[in-house]
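Commentary on secondary and tertiary structure
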Amino acid sequence: MRRIWLGLLSAAVSVVVAIAALTAFALPPGSTAPDFKGVDSNGVTHDLSEYRGKYVVLEWANQGCPYEQKHYLSGNMESLQKQWTGKGVVWLSIISSAPGQEGYVTPAEENAYLQKMKAAPTAAILDPKGAIGHLYDAKTTPHMFVIDPSGKIVYQGAIDDKPSPDPSTLKGAENYLNDALNAAMAGKPVAVAVTRPYGCSVKYAY
């Protein structure tokens with residue numbers, strides 16, 4: 001009897017842990033992506049709702065973060081941007097660093113960086129007050145979200161399974177972003193719909 005009781009207790013704990021992992025995020029997969037308006041580095045206002053009917057990637061970015069630099073200095077992030085925007089995906093890089101914090105940039109500084117990196121997001125949205133970041137509970141740079149054409153979040157979390165700033169770890173990494181987009185665009189369920197993001201903490205004003 002005691003063995004049965006311990007087995008049931010272990011199963012219950014496992015369920016609680018699984019639920020806790022999922023509910024740790026304010027916006028779990030399947031929830032509606034909150035609408036927002038943001039101004040990009042060229043002064044253009046973007047409203048998420050204008051992209052309804054398309055897949056959208058949100059990428060939280062910070063030039064000064066070593067984890068972000070791993071993906072940009074290696075060309076990995078730029079390659080992903082070009083790959084997916086070439087397939088009609090809208091890619092919005094969002095910078096929620098507050099003035100005086102690591103990663104804060106002016107529009108001119110961001111445009112110079114994008115040109116230098118040969119980056120190709122649809123737009124780089126500046127969010128110095130952190131309004132969009134807090135809306136999505138963005139935790140790290142990078143922190144990735146994939147939104148489907150109906151406006152639902154189908155993936156959020158890490159870009160891949162190698163939580164390291166070392167570029168050598170890109171080789172052989174499981175790219176969760178690619179997996180999510182490939183599955184969703186093929187009409188299949190996303191096998192891994194949420195992971196723990198890794199990187200530098202988003203440098204909010206508080």
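Residues numbered from 1 in each chain as written. Predicted model: local features only at pLDDT ≥ 70, side-chain atom pairs only at ≥ 80, totals over all residues. Heavy atoms only, no water.

Another point: the side chain of Asp-127. With respect to the secondary-structure elements, Asp-127 resides in the loop between β5 (123-126) and α5 (131-136). Look at Asp-127: it is buried, it has no salt bridge, and the nearest opposite charge is Lys-129 at 9.2 Å. Ignoring sequence-local partners within four residues, the contact set of Asp-127 consists of Ile-94, Ile-95, Ser-96, Ile-132 and Gly-133. (Helix = DSSP H or I, 4+ residues; strand = E, 2+ residues; numbered from the N terminus. Buried < 20%, exposed > 50% of the residue type's maximum accessible area, 1.4 Å probe, protein only. Lys, Arg positive; Asp, Glu negative; His and termini not counted. Salt bridge = Lys/Arg side-chain N within 4 Å of Asp/Glu carboxyl O. Contact = heavy atoms within 4.5 Å.)

When you line up the elements, Asn-178 lands in helix α6 (residues 176-185). Among all residues touching Asn-178, those that are not within four sequence positions of it are Leu-80, Gln-83 and Trp-84.

Before going further, it helps to spend a moment on the sheet that holds strand β8 (residues 153-157). The strand order β2-β1-β5-β4-β3-β7-β8 describes an open sheet built from 7 strands, whose pairing is mixed. Only two strands of the sheet have a single partner each, and these edge strands are β2 (45-47) and β8. Strand-to-strand, the axes of this sheet are offset by a mean angle of 30°, without reference to chain direction. The pairing of strand β1 (residues 37-40) with β5 spans 2 bridges and is classified as antiparallel. Pairing of Val-39 across the sheet is with Leu-126, part of β5. (Pairing = 2+ DSSP bridges. Axes fitted to C-alpha atoms, helices over the stretch in contact; angles between N-to-C directions.)

A few words now on the state of the cysteines. Two cysteines form a disulfide when their sulfur atoms are joined by a covalent bond. Per the counting criterion, the structure on display carries 1 disulfide. Here Cys-65 is linked by a disulfide to Cys-200, with a sulfur-sulfur distance of 2.2 Å. When the S-S torsion is 90°, as for the bridge of Cys-65 with Cys-200, the disulfide is right-handed. Of this pair, Cys-65 sits in the loop between β3 (56-60) and α2 (66-73) while Cys-200 sits in strand β9 (residues 200-201), and the two are 135 residues apart along the sequence. Since its relative accessible area comes to 0%, Cys-65 is described here as buried. (Disulfide = S-S within 2.5 Å.)

Quick look at the packing of aromatic side chains now. On inspection of all chains with the given rule, the structure shows 7 aromatic pairs. Centroid distance Tyr-72 to Tyr-113: 5.8 Å. Interplanar angle 55°. Geometry classified as tilted. Pair noted here: Tyr-72 is in helix α2 and Tyr-113 is in helix α4 (residues 107-117), with a separation of 41 residues, a long-range link. Considered together, Tyr-72 and Tyr-113 belong to a single accessibility category, that of buried residues. The interplanar angle of 80° and the centroid separation of 5.3 Å between the aromatic rings of Tyr-136 and Phe-145 together place this pair among those described as edge-to-face. (Phe/Tyr/Trp six-rings, centres within 6.5 Å; stacked < 30°, edge-to-face > 60°.)

The predicted model of the chain has a mean per-residue pLDDT of 90, with 88% of residues at 70 or higher. Low confidence marks residues 1-23, where pLDDT is under 50. Its contacts with residues over four positions away, or in another chain, come to 3 contacts. (pLDDT = per-residue confidence, 0-100.)

Attention now moves to helix α3 (residues 76-85). Restricting attention to buried positions, one finds in α3 the residues Asn-76, Met-77, Glu-78, Leu-80, Gln-81 and Trp-84. Its buried side turned inward, α3 meets β3, α2, β4 (90-95), α4 and α6.

The packing of two helices is summarised by the inter-axis angle and the distance between the axes. Two numbers describe how α3 lies on α6: the axes approach to 12 Å, and their chain directions differ by 5°. For the element pair α3 / α6, the angle class is roughly parallel. Facing Leu-80, Gln-83 and Trp-84 of α3, the residues of α6 in contact are Leu-177, Asn-178, Leu-181, Asn-182 and Met-185. Within the contact of α3 with α6, the residues separate by chemical class into 5 nonpolar, 3 polar and no charged. (Parallel < 35°, antiparallel > 145°, perpendicular 65-115°, else oblique. Nonpolar A, V, L, I, M, F, W, Y, C, P; charged D, E, K, R; others polar.)

Judged by nonpolar contacts, the single largest core of 28 residues is most densely connected at Val-57, Trp-91, Val-146, Ile-159, Leu-177, Leu-181 and Val-190. When residues in this core are grouped by element, the largest group, 6 residues, is from α6. Residues contacting Trp-91, with those up to four places away along its chain left out, are Val-57, Glu-59, Met-77, Leu-80, Gln-81, Trp-84, Thr-85, Pro-121, Thr-122, Ala-123, Met-144 and Leu-177. Residues Leu-27, Val-90, Ile-147 and Val-202 belong to the second largest nonpolar core, which totals 21 residues. (Core = buried A, V, L, I, M, F, W, Y, C linked by side-chain atoms within 4.5 Å.)

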